[in-house]
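The primary structure of each chain is shown beneath.
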Amino acid sequence: MPKMKTNRGAAKRFTRSAGGFKRSQSFRRHILTKKPTKRKRQLRSPEMVAAVDVRMVRRMLPYS
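A brief report on the enclosed structure follows. (Residues numbered from 1 in each chain as written. Predicted model: local features only at pLDDT ≥ 70, side-chain atom pairs only at ≥ 80, totals over all residues. Heavy atoms only, no water.)

Here the focus is the nonpolar core. Counting seven residues, the largest nonpolar core is built from Ala10, Phe14, Phe21, Val49, Val54, Val57 and Leu61. Leave out the neighbours within four places in its chain, and Val49 touches Phe14, Phe21, Arg23, Val54 and Val57. (Core = buried A, V, L, I, M, F, W, Y, C linked by side-chain atoms within 4.5 Å. Buried < 20%, exposed > 50% of the residue type's maximum accessible area, 1.4 Å probe, protein only. Contact = heavy atoms within 4.5 Å.)

Below, the structure is given as structure tokens:
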């Protein structure tokens, strides 16, 4: 049976950790002048993928 392919877009966005999959937060790319410093600082920290989405991410990253 051939090897399964990893979804390259997902591989760039998610990393495997002990508690599940880590992801970075959105809304940090541009139009940052109108956003408060507190909001930008909180968006810096990585989040975990929601429990309902873990199954889908696991399918896209078969060898992680």
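That covers the picture; the talk isn't over yet.
A full pass over the atoms with the stated rule returns zero aromatic pairs. Taking NZ or CZ as reference, Arg16 lies 4.8 Å from the ring centre of Phe21, over its face. (Phe/Tyr/Trp six-rings, centres within 6.5 Å; stacked < 30°, edge-to-face > 60°. Lys NZ or Arg CZ within 6 Å of the ring centre and 35° of its normal.)

A positive phi angle is found at Phe27, which is not glycine, with a value near 70°. Turning to its location among the elements, Phe27 is positioned in the loop between strand S2 (20–23) and helix H2 (37–44). For Ile31, which is not glycine, the phi dihedral falls at a positive 55°. By the element assignment, Ile31 lies in the loop between S2 and H2. On the accessibility criterion, Ile31 (48% relative accessible area) is partly exposed. (Helix = DSSP H or I, 4+ residues; strand = E, 2+ residues; numbered from the N terminus.)

On to the side chain of Lys35. If you trace the backbone, Lys35 turns up in the loop between S2 and H2. As a buried residue without a salt bridge, Lys35 has its nearest oppositely charged side chain in Glu47, at a separation of 16 Å. Here the side chain of Lys35 touches Phe27 through a polar contact of 3.2 Å, landing on its backbone oxygen. Polar contacts involving the side chain of Lys35 include one to the main-chain carbonyl oxygen of His30, which spans 3.5 Å. In this view, Lys35 contacts Phe27, His30 and Lys40; residues no more than four positions away in its chain are not counted. (Lys, Arg positive; Asp, Glu negative; His and termini not counted. Salt bridge = Lys/Arg side-chain N within 4 Å of Asp/Glu carboxyl O. Polar contact = N/O pair within 3.5 Å; in protein donor to acceptor, adjacent residues only side chain to side chain.)

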